[in-house]
Each structure stands twice: as structure tokens, then as C-alpha cells.
Amino acid sequence: MYTTMKRKLRPLCALMLALVLAFASVPAQASGGMGNLYMYIQTGNSGRLHLRALPSTNSESLGLYPNGTAVLVESISGSWAFVQVNGRRGYMNLNFLSGAAPTQQPYVTPVPTEDTTLYVQTGNSGKLHLRAYASQSAKSLGLYPNGTAVHVTARSGGWVFAEIAGVSGYMMVKYLTPVSPSQPPVTCPPVTPVPGTPTLMYVHTGNSGKLHLREYPSQDSRSLGLYPNGTQLYALAMGNGWSQVVVSGQSGYMMTKFLLSSAPAPTCAPVPTYVPGPSYAPVPGGTVKYVCTGNSGRLHLRENMSTSAASLGLYYNGTPVTVIQDLGVWSLVNVYGKTGYMMNQFLTSTVPGTIVTPVPGAPTAAPTALPTSATVRQPNNSFVYLRSTRSSSNLSNVICQVPSGTVVTVLEWGGPWSRILYNGMEGYMVTNYLK
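A look at the overall build of the protein
Across its full length, the protein carries one helix and 34 strands. In the protein, which comprises 435 residues, the proportion classed as buried is 37%. Across the protein, the fraction of contacts at a sequence separation of at least 24, relative to all contacts at a separation of at least 6, is 57%. As displayed, the protein offers around 24200 Å² of accessible surface, 55% of which is attributable to carbon and sulfur atoms.

Listed below in C-alpha cells is the structure:
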């Protein structure tokens with residue numbers, strides 16, 4: 001029994017000796033405290049250590065802290081230390097505290113996935129921490145002022161892995177910007193018209209299926225959407241295997257063999273015997289058309305001209321709608337008293353199922369060209385940011401400044417953001433600035 005007790009006490013004695021040695025090298029405070037005695041969490045695994053309200057494992061937890069976290073030891077009682085960590089005070093088990101600072105980062109250096117230079121921009125006059133790992137409680141490897149150049153090699157969530165003057169660590173991406181705060185954002189050069197006009201094409205798979213819009217010209221690439229036969233699109237460049245296209249405001253690639261220059265004959269599922277809504281009364285001055293999705297589905301009435309906009313209702317094939325204004329890819333319509341937007345590719349001028357024999361030599365309506373254009377209007381006649389994402393929370397996604405009065409190409413109207421093309425650069429702009 002004596003041997004067993006001796007074996008159990010040995011680790012605790014060693015820990016107490018380490019504390020005594022650490023304390024001996026630090027002058028005590030005048031109040032009789034322990035001085036600035038720092039220890040570091042070391043659980044022996046990849047877990048975290050509780051800060052307890054009382055010196056007991058059954059006491060309330062005030063927080064969990066990872067290995068390597070520095071804690072200020074204020075006093076010791078038995079196997080517990082009363083500590084201060086990140087502004088909080090409580091108790092931690094001495095068995096999981098070490099007098100030696102960690103010599104390695106808790107996580108392996110991530111594999112490089114990019115080579116980007118960003119700049120510190122905290123939004124105030126403060127400085128930004130470079131952390132030992134991706135946590136605000138991690139050890140700070142340095143504080144860097146606004147304008148500091150940061151070499152980014154990888155990203156994860158809200159953090160980047162970066163190098164500054166030979167020191168590597170993690171920084172919060174929301175405080176980084178691609179534009180140096182010491183210099184104004186790069187102003188986009190004047191627009192140079194691109195020769196040629198997008199070619200109007202239609203999806204035609206040869207069966208009742210749908211065609212993928214791919215992120216890259218490969219069948220292994222991510223699908224950006226599936227589009228049924230008859231879908232109208234515009235080809236920006238065509239090749240033997242793949243074509244670069246714009247469809248429903250989304251750009252990507254489609255297989256050329258499934259694209260036709262003429263619209264296939266519309267085919268709709270049978271009109272249901274129950275058509276929702278009261279008896280239909282066309283809006284004066286409008287043109288009556290009918291829903292024709294190309295399958296047995298239903299068509300959304302959207303709040304604005306975007307497939308991600310709020311839906312105001314779903315309508316079956318054969319539902320009559322009044323087209324108030326044809327806007328190219330979209331139309332402003334009224335259906336059973338509700339006004340919103342529907343995609344023109346799913347509207348037909350004849351009731352589904354009706355066979356129409358074309359009159360030889362009759363003129364055909366020219367399709368509305370896409371994309372459309374708009375003029376940037378800033379109230380102070382200065383500039384508007386072109387951004388890489390639909391967010392204005394900081395400058396980290398700014399591509400460049402677009403001067404007020406500039407004409408840009410609108411790829412997709414939406415609210416509150418629209419997707420535009422300017423001088424070969426695609427991005428997002430607040431719709432209120434486009435007139």
C-alpha cells in the first residue's frame with residue numbers, strides 16, 4: 001500500500017517542484033501574491049481544459065481552453081491553481097498545467113492552396129494579431145498595424161494561414177483586404193468593347209432530360225444547374241466539345257452538341273383539370289401568355305429578376321398570365337392579381353397542347369439581346385465598388401472602383417445586388433447604383 005501511494009504522489013511532487021523552481025525566478029508582488037507566474041495548458045491529448053468556478057471537477061465550468069493557452073497563476077491550493085485567463089478568473093487542475101511554453105504549433109502547417117498578398121485593415125487604428133493557430137484564444141505571435149502586407153498561402157473558414165517577415169501563423173480574414181489601405185483602390189480602366197455579339201441558342205438534349213451547366217469545360221466539373229429542353233441561352237464562345245454560355249444570368253460551360261440555333265417545338269405536360277385561382281381577367285394593355293415549363297413541374301412567380309429571389313407563388317402549365325413588360329430573359333407579369341417576374345423561356349403565346357401551323361414568310365419577332373447594360377450612378381459622382389461577393393461588410397472582396405457614369409454589362413438583375421461584367425471583370429454591385 002505504501003508503494004502504491006508513493007507511486008501516485010510522485011507526479012504531483014514533480015509538478016510542485018517545477019512550480020517552486022518557476023516561482024523562485026519571479027519576484028513576488030508587494031501584496032504577497034505569486035507575481036507574474038505564467039503556466040500553459042497541457043492536457044496530454046488534443047482536448048481542452050475547464051476553468052472551474054470552484055476547485056472541484058464537479059464545479060461549474062467557466063470556459064474550455066485548448067493546449068498551449070497561457071494562464072496567469074495567482075495562487076495554489078493543493079492540486080488546484082487559481083488562475084486568470086482571457087480576463088476570467090477561476091480554478092484549473094494543476095495536473096494539466098505546465099511551466100514550459102509549447103514549442104510547436106498545435107496544428108500542422110496547412111498545404112499551400114494559394115499565393116496571395118493581402119493587407120491588414122482593422123477598420124480602426126488598432127493592430128491585428130498573428131495567432132499560433134486559428135483561434136482568438138491562441139497565443140499571439142505578433143501585432144501588426146493597418147497596411148502591413150500579409151502573404152497568404154491557405155484559407156479555412158474565417159481564417160487565413162499567412163507569413164509576415166518570416167513568421168507564420170493565422171489571421172482573421174475579415175480584417176484583411178486586397179487593397180493596401182495606404183493607397184486608394186485601383187480604378188478600373190475604361191471599357192473596351194469586345195468584338196462580336198452573343199449567339200442566341202437553345203438547349204436540345206434529344207430526349208426529355210436536362211442539360212448541365214458546368215463550372216469548367218469538363219463533365220467532371222461541378223454542376224451549376226440543370227436546364228430543360230428549349231431553355232434559351234447566349235453563347236459567348238463556341239467550340240467542338242464545349243461552349244461558354246450565359247443562361248438565366250449564370251455563366252459557365254455546356255456541351256456544344258446539345259445546343260441548337262433554333263428553338264425546339266415546345267412540349268408541355270397536359271394542362272391539369274384544376275387551374276388554381278379565380279376566373280382569369282387579363283390586365284388591360286398587356287399580352288396574355290401561358291406557363292409552359294417543358295416538364296410536369298410548376299413555374300415560380302419571383303419578387304424580382306433572379307432565380308434566388310423570393311417566390312410569390314407556383315403555377316401549373318397552362319396557367320394564363322398577362323405580360324406587362326418584356327425585359328429580355330424575364331418579364332414583368334400579372335397572374336391572378338399578383339404582380340412579379342417570370343422567365344420568358346417558360347412562357348408561350350399558345351395554350352399548351354395547341355398545334356400552331358406557321359404561316360410561310362411571316363415575320364418572326366427578334367429576340368431581345370442579352371446581356372443588357374446599365375449606367376453606374378453614385379449620388380456624389382465618385383465611384384461604386386465592384387465586389388467579388390454579395391457583401392459590403394468590409395473591403396476584403398473589393399475588385400476595383402467603377403467611376404460614376406460608366407456603362408457596364410448586367411449579367412443578372414437582382415435585389416439588393418446585381419451581377420455585372422466590366423472590362424472583362426465579373427462581380428457584384430448594389431442594384432440601387434445601376435440606372
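Anyway, onward from the coordinates.
Structural notes on the pattern of salt bridges
For the structure shown, the criterion picks out two salt bridges. Between Arg89 and Glu74 there is a salt bridge, and its shortest N-O distance comes to 2.9 Å. Of this pair, Arg89 sits in strand E6 (residues 88-93) while Glu74 is found in strand E4 (residues 70-77), placing the two residues 15 residues apart along the sequence. Across the pair Glu426 and Arg419 runs a salt bridge, and its minimum N-O distance is 2.5 Å. Under the relative-accessibility criterion, Glu426 is labelled partly exposed at 36%.

Some points on the pairing of strand E27 (residues 338-343)
For a regular strand, side chains alternate in direction, first toward one face of the sheet and then toward the other. With six bridges connecting them, strand E26 (residues 330-335) and E27 associate as antiparallel partners. Paired with Leu332 across the strands is Tyr341, a residue of E27.

Focus on unusual backbone geometry
Backbone geometry places Tyr336, a non-glycine residue, at a positive phi of 50 degrees. Its location among the elements puts Tyr336 in the loop between E26 and E27.

Some thoughts on the environment of Thr322
Along the chain, Thr322 turns up in strand E25 (residues 320-326). In sequence terms Thr322 and Pro282 are 40 residues apart; their C-alpha atoms lie 5.8 Å from each other.

Things to note about the side chain of Thr231
Assignment of secondary structure puts Thr231 in the loop between strand E17 (223-228) and strand E18 (232-238). You can call Thr231 buried: its relative accessible area is 1%. Polar side-chain contacts of Thr231 include one of 2.7 Å to the backbone oxygen of Pro228. Among the polar contacts listed, one links the side chain of Thr231 to the side chain of Gln345, at a separation of 3.4 Å. Among all residues touching Thr231, those that are not within four sequence positions of it are Met201, Tyr202, Val203, Val247 and Gln345.

A short note on the environment of Val150
Mapped onto the elements, Val150 comes out in strand E11 (residues 149-156). Between the C-alpha atoms of Val150 and Leu118, which are 32 residues apart in sequence, the distance is 5.2 Å. Here Val150 is in contact with Thr116, Thr117, Leu118, Val120, Ala162, Glu163, Ile164, Met171 and Leu176, once residues within four sequence places are set aside.

Details of the packing of aromatic side chains
Following the criterion strictly, the structure yields three aromatic pairs and no others. Aromatic pair Phe383 and Tyr385: ring centres 5.3 Å apart, planes at 65 degrees, arrangement edge-to-face.

Thoughts on the environment of Gln121
Note on placement: Gln121 falls in the loop between strand E8 (116-120) and strand E9 (127-131). In this structure the C-alpha to C-alpha distance between Gln121 and Pro178, which are 57 residues apart in sequence, comes to 9.7 Å.

Looking at the nonpolar core
Val291, Met342 and Leu347 are the most contacted members of the largest nonpolar core, which has 17 residues in total. Counting residues per element, the ones that place at least two in this core are strand E23 (298-302), E25, E26 and E27. Sort the elements by how many residues they give to this core and E26 lands first, with four residues. Formed by 14 residues, the second largest nonpolar core is a distinct cluster that contains Met39, Leu51, Val73 and Leu94.

A few points about the confidence of the model for the protein
Looking at the protein as a whole, the pLDDT averages 74, with 72% of positions reaching at least 70. Mean pLDDT per element in the protein: helix H1 (residues 2-24) is the minimum at 49, and E6 is the maximum at 91. Low pLDDT, under 50, characterises residues 104-108; the predicted model gives this stretch seven contacts beyond four residues in sequence or across chains. The model gives residues 364-370 a pLDDT under 50, and that stretch makes ten contacts with residues more than four places away or in other chains.

Cut-offs used in this document
Residues numbered from 1 in each chain as written. Predicted model: local features only at pLDDT ≥ 70, side-chain atom pairs only at ≥ 80, totals over all residues. Heavy atoms only, no water. Helix = DSSP H or I, 4+ residues; strand = E, 2+ residues; numbered from the N terminus. Buried < 20%, exposed > 50% of the residue type's maximum accessible area, 1.4 Å probe, protein only. Contact = heavy atoms within 4.5 Å. Areas by Shrake-Rupley, 256 points an atom, 1.4 Å probe, with all protein chains shown as cover. Salt bridge = Lys/Arg side-chain N within 4 Å of Asp/Glu carboxyl O. Pairing = 2+ DSSP bridges. Polar contact = N/O pair within 3.5 Å; in protein donor to acceptor, adjacent residues only side chain to side chain. Phe/Tyr/Trp six-rings, centres within 6.5 Å; stacked < 30°, edge-to-face > 60°. Core = buried A, V, L, I, M, F, W, Y, C linked by side-chain atoms within 4.5 Å. pLDDT = per-residue confidence, 0-100.

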